[in-house]
Amino acid sequence: MCALNSKIPVGPVDKKWTDYKDHALLVNPSNKRSIDVIVIGSGLAGASAAASLAEMGYAVKCFCFQDSPRRAHSIAAQGGINAAKNYKNDGDSTYRLFYDTIKGGDYRAREANVHRLAEVSAAIIDQCVAQGVPFAREYGGLLDNRSFGGTQVQRTFYAAGQTGQQLLLGAYSALSKEISKGSVKMYNRHEMMDVVNVNGKTRGVIVRNLVTGKIERHGGHAVLLCTGGYGNVFFLSTNAMGCNVSAAWKAHKRGAYFGNPCYTQIHPTCIPVSGDHQSKLTLMSESLRNDGRIWVPAKLEDAKAIQQGKKKATELAEADRDYYLERRYPAFGNLVPRDVASRAAKERCDAGHGVNATGEAVFLDYAAAFERYGHIEANKRNLVNADSATIIAMGKEVVKEKYGNLFDMYQQITGENPYEVPMKIYPAVHYTMGGLWVDYELMTTVPGLYALGEANFSDHGANRLGASALMQGLADGYFVIPYTIGNYLANDIRTGKIPTDTPEFDEAEKAVKDRISFFVNNKGTRTVDHFHKRLGKVMWDKCGMARNAKGLTEAVGEIRAIREEFWKDVRVPGSESDFNPELEKACRVADFLELAELMCLDALSREESCGGHFREEHQTEEGEAKRDDVGMAFVSAWEFAGDPGKAVLHKEELVYENIKVVQRSYK
Amino acid sequence: MADHGMKLTLKIWRQKGPKDAGKLVDYPVTDVSPDMSFLEMLDVLNEQLVMKGEEPVAFDHDCREGICGMCSLYINGRAHGPQTGITTCQLHMRSFNDGDTIYIEPWRAEAFPVIKDLVVDRSAFDRIIQAGGYISVNTGAAQDANCLPVNKKDADAAFSAAMCIGCGACVATCKNASAMLFVSAKVSQLALLPQGRIEAEERVLNMVQQMDVEGFGNCTNTGACEVECPKGISLQNIARLNREYLSAALMSEK
Amino acid sequence: MSVSIVRKVAMALSGFFLLSFLLLHVSINLLSVCCPAAFDSASHFMGTFWLIQFVMQPVLAFGVVFHLVLGFILELKNRSSRPVKYAFSNAAASSTWMSRNMIITGVMVLLFLGLHFYDFWFPELNVKYMQGDMSGLVEGTDRFRYWEELHHKFQDPIRVGLYVLAFVFLGLHLMHGFQSAFQSVGFNHRRYTPIIKKLSNIYAIVVPLGFVIVAVYHFLAQ
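Computed from a predicted model, the values in this text were never measured in an experiment. (Residues numbered from 1 in each chain as written. Chains lettered and ligands numbered in written order. Predicted model: local features only at pLDDT ≥ 70, side-chain atom pairs only at ≥ 80, totals over all residues.)

## What about the overall build of chain B?
Helix and strand counts for chain B come out as 9 helices and 7 strands. By the burial criterion, 61% of the 254 residues in chain B qualify as buried. For chain B, contacts bridging at least 24 residues in sequence account for 72% of all contacts bridging at least 6. (Helix = DSSP H or I, 4+ residues; strand = E, 2+ residues; numbered from the N terminus. Buried ≥ 20, exposed ≤ 12 C-beta atoms within 10 Å, placed from the backbone. Contact = placed C-beta atoms within 7 Å.)

Below, the structure written as structure tokens:
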């Protein structure tokens, strides 16, 4: 196959995008009407791309597996969206956002893409406001910003704790506008089953109508995969139940390289697993770390007593508590980046200091915050002799104002009152930085096949900054793909309608149908979830927060064994021509079982620790991540070669011309 | 945990397809942990059904954290179950007692036909939004965001309306299967913002017309929607919708 | 009328009109308890003044018919919006009985209207327009007949009982209807709506209570 060509324009980094736009090929409006673009997924990237391309005049078809495009999992993002607006007059700029994103990504992202992301960030906010997205505002009527993810400037726009929802509904409304005009044809409850390539170009997809089970062919001049991340390979993650890798994986098997599959973001503040029945994990906003203190019992016997329910957290004296983040990272304390906080929690729990029955939880304690806020409140009200009970009560009121909804959510899920006992948290898989390898134009290694948003590998390097996922999804859909897709489609104006009665479509459809009928006819003895849970456990234990060569090698073997067993012994009830959620799951888990192996291979081959990838062999004496900027400063792009285990590694060297590469330190 | 589990009797609506007749079927479940979410309890039941060679119960769900709006169960006579302010996926089994009988039915409305078991088709909501629940601004044409100040009070009220997750609990719980709360939330969000005022008249006329076409019932102000709405969308929005509609209808030149 | 919100507003406006009529009706009736003479002259005025008789009375009749016909149409439409009912419904958890059962309370009031017309309106029309006696006097005397007729009607304990029962239903109907009408025309205000809801309850209790007092007073004062 072709050597990797990232098609990064020449010239200074801050002129590349302008220069690209000035010279990219255009498609005349009357020709756009006869060009079909297929968009898979209706999240931030998919909905914004579908709407924008339809506005330009392309004939768009958009597919989502949910019952409405408004349900895509972008909706669950809580925190906010970054933009280099500098509304706060605190020195923010395009360069600073670019710099922070590269640094946050632990110097494993492509400079040109990230700079472009920073450049278009401001326009995203303008666009969303024009659509009626109700961002938080100040009393003067202008937009409010907050600081997020430890940045030194306030550049995060937000809508309470529901920024993702509001942005998605904005994109959904733009999409709805185009659907009503007929310029987007929307297919709800349709899942992409395969991409179809003709003469080396992607020319369509095979989809399954999830209600009737009908297999459909759709031809198009270009296909955009906006299908999100693959965190559900771990079974338990903060992703929605339906999130899956299938579209990206099918593309991979049809020739698209998979970039950096091992980069996984683990979020430190999730509600711990409560039992075997657990189906997903719930994220508690990171903002809780601003005021909460994280600790475990210093003595093992205390930890054991707490695990067995013989002792309560509140009974432990201050001296018997280990505020390990404050101890290890005095400068940043409880606010160290996500990966550092997550690993530190795992380290303590692995050492036996965990605080729930499973031993996999740490305390997030607000007692000190109650007291601190209580004293401030007492001062405000001039209560000189307030007793400690009054102070604590006032402090709780203040905390309730700030975090009430999160505390309520915690109580709803755990049944414990976080105003009385410290919360328990544990890290969980949250976001996958890896994804389909794309060039500067967001095209995969297969011409005509694009990947946008979390589905591609591009902008976050080895670790994503808070409030950057929403930015990237919308940047790709609103402001990048509308320019770059023309550069490809301009050569397609004479192609005419893509026929779907060709051998390539026949072959792809047959493969899909064969697989489906295999599942419903295989009279196995285990459910799909059984295999998914086993896979998840292997991945979490051996390809999770910390990885080592031995574990990863074992994991590869275990994954292969589970995969083999799955194909022998899986049981899928119901019929193929019906609404059949178990069948949907089976198709998705089959792909996770292959991806998982590639993730382990990638993790094995990346002999360094960076961002969301921590190799125990590569750490400093204090247990901090050690990057290898000489040998490992590249993107791993994996080419499928018949079996996930035989994937071929291609490397895209990362060149840093505008940023000095340094080691992160939070001491 | 297992020996402390609850025993429950589930009465679940089973219906093969849109045109088939359905009925309530009893399923005893045991070893239900109070820490389980309601949907996890159904997951466990489904695992058992698959192993027994029966078809599992189909139900809609996705994010399982109360924001996507996909889950939609009518539990013991109430949309999203006995608690208020949450969706079905946020409901936990500690809200029930050992020995309880639990009725689980799909949303019932002419405009929400059943697809299978507990899964209904809510695309009527999409069509209402397509009738005008947007601002007609194309990508790239927007001015700087801060060129358009918005009174904080209005911005906050718009946000409160925009919190709607489109789950359909308002329709499910309304004795008339009216979609007024859903429609009013979108109309209000956009009517409260200056950028939304430009198309406000057309929007409200078209969205209400589509709402009627879909076969939703009339609002009779019982207020049940507001009580059962997992996001606490206020009845004030319905009053605003009525106002918006009246003034638009009176001023309309059509 | 083809639009749901228009129907709803029409229901509210006709409701407002009937609310104002009830207030007038109960005020005049209460005169019969305290001051029979005033009651007689008010009744005579209402029964003979052309504006009331030939303008307001038809408008009122239209209002009543309109309100009830539309009420039935709404009920039918609403029922068809949920062809399959829930097997188990706990509606009381989220709304009041009154708000859900306007059709029942409304039908009860309608049945009562039949009795009420039979008792008062039809005889009145008969005397005035069939027999042509516009004097308002008891035949062969110079006494007004209104108070006496009213007093006479409430001899019968069954009638009194039926009237009282009907007024209870009227109260339940008003308890939702009064405040609901404001919401329907688009009035919902953080400060004023709670006041309207209180007024609604007061109205819904005081007005029917006024009618009850009249009926019971005349029964007891026989």
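## What about the environment of Leu-49 of chain B?
Residues and elements named next belong to chain B. With respect to the element layout, Leu-49 can be found in helix α1 (residues 38-51). Considered as a pair, Leu-49 and Tyr-27 are 22 residues apart in the sequence and their alpha carbons are 9.8 Å apart. Aside from chain neighbours lying at most four places away, what touches Leu-49 is Glu-54, Glu-55 and Pro-56.

## Concerning the pairing of strand β8 (residues 215-219) of chain A
Residues and elements named next belong to chain A. Pairing geometry for strand β7 (residues 201-209) and β8, over 5 bridges, is antiparallel. For Arg-208, the partnering residue across the bridge sits in β8 and is Ile-215. Hairpin connection from β7 to β8: 5 residues lie between these consecutive antiparallel strands, with Gly-213 at a positive phi of about 80°. (Pairing = 2+ DSSP bridges.)

## Concerning the interface of chain B and chain C
In this assembly, 37 residues from chain B lie in contact with 34 residues from chain C. Within the residue set of the side of chain B that touches chain C, elements represented by two or more residues are β5 (101-106), α7 (200-213), α8 (224-228) and α9 (236-251) of chain B. Top contributing element to the side of chain B that touches chain C by residue count: α9 of chain B, with 8 residues. A per-class count over the side of chain B that touches chain C returns 15 nonpolar, 13 polar and 9 charged. (Nonpolar A, V, L, I, M, F, W, Y, C, P; charged D, E, K, R; others polar.)

## With respect to the arrangement of the chains
Highest in contacts among the 2 pairs of chains that touch are chains A and B. One finds no contact linking chain A with chain C; the least C-alpha distance across the pair is 20 Å.

## Some thoughts on the packing of helix α1 (residues 4-34) of chain C against helix α7 (residues 157-184) of chain C
Residues and elements named next belong to chain C. At a minimum axis distance of 9 Å, the contact between α1 and α7 shows a crossing angle of 135°. The pairing of α1 with α7 is recorded here as oblique in orientation. The hand of the α1/α7 crossing is left-handed. Counted together, Lys-8, Val-9, Met-11, Ala-12, Gly-15, Phe-16 and Leu-19 of α1 and Gly-177, Phe-178, Ala-181 and Ser-184 of α7 form the full contact between these two elements. Its residues assigned to classes, the contact of α1 with α7 comprises 7 nonpolar, 3 polar and 1 charged. (Axes fitted to C-alpha atoms, helices over the stretch in contact; angles between N-to-C directions. Parallel < 35°, antiparallel > 145°, perpendicular 65-115°, else oblique. Left-handed = near helix turned anticlockwise from the far one by under 90°.)

## Considerations on the environment of Ser-93 of chain A
Residue and element names in this part refer to chain A. Relative to the helices and strands, Ser-93 resides in the loop between β3 (81-82) and α4 (94-104). Taking C-alpha positions, Ser-93 is 8.6 Å from Ala-118, a pair spaced 25 residues apart along the chain. If near-sequence neighbours (up to four positions away) are discounted, Ser-93 is found in contact with Ala-84 and Asn-86.

## A short note on the interface of chain A and chain B
In many reports, interface size means the accessible area that the parts give up when they come together. On the chain B side, the residues contacting the 63 residues of chain A number 67 residues. With 9 residues, the single largest contributor to the side of chain A that touches chain B is helix α6 (residues 163-181) of chain A. Of the residues belonging to the side of chain A that touches chain B, the class tally is 25 nonpolar, 26 polar and 12 charged.

## Quick notes on the sheet that holds strand β2 (residues 59-63) of chain A
Residue and element names in this part refer to chain A. Reading across from one edge, β5-β2-β1-β9-β17 is the order of the 5 strands in this open sheet, with parallel pairing throughout. Of all strands in the sheet, those with a lone pairing partner are β5 (184-187) and β17 (449-451), marking the two edges. The mean inter-strand angle of the sheet, taken between neighbouring strand axes irrespective of direction, is 20°.

## What to know about the pairing of strand β12 (residues 293-297) of chain A
Residues and elements named next belong to chain A. The buried fraction of β12 amounts to 4 of the 5 residues, a majority that puts the element mostly inside the structure. Taken together, the 3 bridges between β12 and strand β14 (residues 362-365) define a ladder with antiparallel strand orientation. In the sheet register, Arg-293 faces β14, and the bridge partner there is Asp-365. Here 2 bridges tie β12 to strand β13 (residues 321-322), and the two strands are oriented antiparallel to one another. Counterpart to Val-296 in the pairing with β13 is Asp-322.

## A closer look at the sheet that holds β14 of chain A
With antiparallel pairing, the 5 strands of this open sheet are ordered in space as β11-β15-β14-β12-β13 (chain A). The sheet is open, and its two edges are formed by β11 (264-270) and β13 of chain A, each paired on a single side.

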